[in-house]
Amino acid sequence: RPTDPSVFQNWRARYAVQRASPLVCPNQGLANELSILRRARELEGLEKNALAYERAIGMIKSYPHRITRESFKSDISKLPGFGGKTASKVLEYIETGSIPEAQTTLTSERYQSLSLFASIYGIGPTKARQFYDMGMRSIEDLERYYDVAPGATLKTPAELDEFMREMEAEVAFTPNGKRVRREGTVPDITVPVALALRGELDAPIPRDEVEEMRDVVMRELAELQPGCVSTIVGGYRRGKPMSNDADIVISHEDWEKGKTLIPGLCKRLCARLYQKGLVTHVMHLSGFHGYNALRTEHWDSLEKALTVFKLKPIPENPVRIHRRLDLIFALPESYWTAVIGWTGSKMFQRDLRLWAKQEKGMKFDSVALTRRHDTRRFLPKSEKEVFDILGLPWIDPTMRNA
Ligand code: DGT
Ligand code: MG
């Protein structure tokens, strides 16, 4: 289904979900420079600032012409968020082809260390700043801190069995019989694993390997449970030639049976992939929470496994490396919202939620689409239906790169 033509004309619109945002835009160089400033603010914990840049970058990504002094004056300067500071940065770029502050940022020791630390999966800006304040500067400092030898394999089969048992023990029941997860009782192995496998996890994954990973996963899943369906989401679905990880949303083709067949399947699949030597590490495993439309944050309400995965060598491909693989299991009624939620981009998602709330009195998240005043839940049967219910023109995933 082609993107609704209106969204290409819609570059003035406020919400990213009303505009087409291609992977590479006519002003990509400018967007990249501004992204350095955005990242710097994010690493410093200046979230509001970072978001302001992110919004501005989103607007630029949708602008269909090369920005010149003239078009800056007639178009860009009139867009929301292009007052004072941002405007002067854009003008600097138009005049010189770069933004001086972005260039000095790139060479600063602080930025280099913070972005290096935060490039390790599991380390966010806050932890990165703590490490910097402790005097740490390099990956070697991190390795010493976490006591990780380069390339070490951290989980033996016995250790992983133990981890799976602990995860299971963590799933408790509330008084009304709902399964919930007790937080914070299993030691977090994410950073040590990510550090040890850094050289491999850093390497981008080509599209055909993402597809190969999906095919292997779904073949194994079919052995456990026939009738499952899946969509590769994330950057892959937005058309990126290379991805940092593979994200797969999984559900069941049968709307009714899926309700009972899907819960618990994520862990069973992980165990199977692990036994087959395909999943080598499980960083995080979470079960279903009972769905509660009044909760504001359902980030964890699907069953998901954040894992490290390694394909088996084949003659055409004798050397395989560890890859990050995220598996997200959704009940059939949550499938299409989960697919949209995990397709991204982050900016697109943020504005989807905002649009739903501010313009439609609805609540969108990866688990459900609900009406706020009476918490009536919609049950979309396709991705297009979600857009229709939200009163939005259809945007192909490849145009959601805000
Ligand atoms: P990359 O870096 O090539 O993997 O790029 P993406 O866009 O695939 O980024 P990724 O894999 O971090 O996330 C994919 C999308 O899923 C992104 O729009 C954000 C969303 N997402 C990530 N983590 C969560 C989560 O825990 N819950 C929900 N609902 N969405 C998430
Ligand atoms: Mg991804």
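Analysis parameters
- Residues numbered from 1 in each chain as written.
- Chains lettered and ligands numbered in written order.
- Predicted model: local features only at pLDDT ≥ 70, side-chain atom pairs only at ≥ 80, totals over all residues.
- UniProt positions renumbered as here; feature names shortened; annotations may be inferred.
- Pairing = 2+ DSSP bridges.
- Helix = DSSP H or I, 4+ residues; strand = E, 2+ residues; numbered from the N terminus.
- Axes fitted to C-alpha atoms, helices over the stretch in contact; angles between N-to-C directions.
- Buried ≥ 20, exposed ≤ 12 C-beta atoms within 10 Å, placed from the backbone.
- Near = placed C-beta within 6 Å.
- Nonpolar A, V, L, I, M, F, W, Y, C, P; charged D, E, K, R; others polar.
- Expected span 1.5 Å × (residues − 1).
- Contact = placed C-beta atoms within 7 Å.
- Parallel < 35°, antiparallel > 145°, perpendicular 65-115°, else oblique.
- Left-handed = near helix turned anticlockwise from the far one by under 90°.

If you check an unreviewed UniProt entry, the chain appears there as DNA polymerase from Ephemerocybe angulata. Under the heading Cofactor (unreviewed entry), UniProt records this for the chain: "Mg(2+)".

**Q** Help me out: how do you make sense of the sheet that holds strand 9 (residues 323–329) in this one?
**A** Sheet strands associate in pairs through backbone hydrogen bonding, adopting either a parallel or an antiparallel arrangement. Spatially, five strands are ordered 4-6-9-8-7 in an open sheet, and the strand pairing comes out mixed. One side of each edge strand has no neighbouring strand; the edge strands of this open sheet are strand 4 (228–232) and strand 7 (279–286). On average, each strand axis in the sheet is tilted by 25° relative to the strand beside it, whichever way the strands run. As judged from the six bridges shared by strand 7 and strand 8 (residues 303–309), these two strands associate in the antiparallel manner.

**Q** Would you explain the environment of Asp254 in this entry?
**A** Along the chain, Asp254 turns up in the loop between strand 6 (246–252) and helix 15 (258–261). Of the residues examined, Asp254 has 14 C-beta atoms within 10 Å and is grouped as partly exposed. Sequence separation of Asp254 and Val229 is 25 residues, and the distance between their C-alpha atoms is 9.6 Å.

**Q** Where do I start with the site of ligand 1 in this structure?
**A** If you check the shell around ligand 1, you find 15 residues, and the closest are Gly234, Gly235, Asn244, Gly344 and Ser366. Listing elements by their share of the shell around ligand 1, those giving two or more residues are helix 14 (234–237), helix 17 (335–343) and helix 18 (346–360). A class-by-class count of the residues in the shell around ligand 1 yields two nonpolar, nine polar and four charged.

**Q** So what exactly am I meant to see when it comes to helix 18 here?
**A** Note that an α-helix has 3.6 residues per turn; residues three or four places apart therefore point the same way. Relative to the 21 Å expected for 15 residues at 1.5 Å per residue, helix 18 spans 20 Å between its end C-alpha atoms, a close match to the ideal helical length. All buried positions along helix 18 are accounted for by Met347, Phe348, Gln349, Asp351, Leu352, Trp355 and Ala356. Taken together, the buried residues of helix 18 touch helix 3 (47–62), helix 17 and strand 10 (362–364). Positive phi shows up at Gly361, right after helix 18, with a value of about 60°.

**Q** I'm lost on the packing of helix 2 (residues 28–43) against helix 6 (residues 100–107) in this one. Help?
**A** Packed helix pairs are specified by the crossing angle of their axes together with the interaxial distance, meaning the distance between the axes. Between helix 2 and helix 6, the least distance of the axes is 9 Å, while the angle of their chain directions is 55°. Our classification of the angle between helix 2 and helix 6 gives oblique. The hand of the helix 2/helix 6 crossing is left-handed. Between helix 2, through Glu33, Ile36, Leu37 and Ala40, and helix 6, the contact on the second element is made entirely by Glu101, Ala102, Thr105 and Leu106. Split into classes, the residues belonging to the contact of helix 2 with helix 6 amount to five nonpolar, one polar and two charged.

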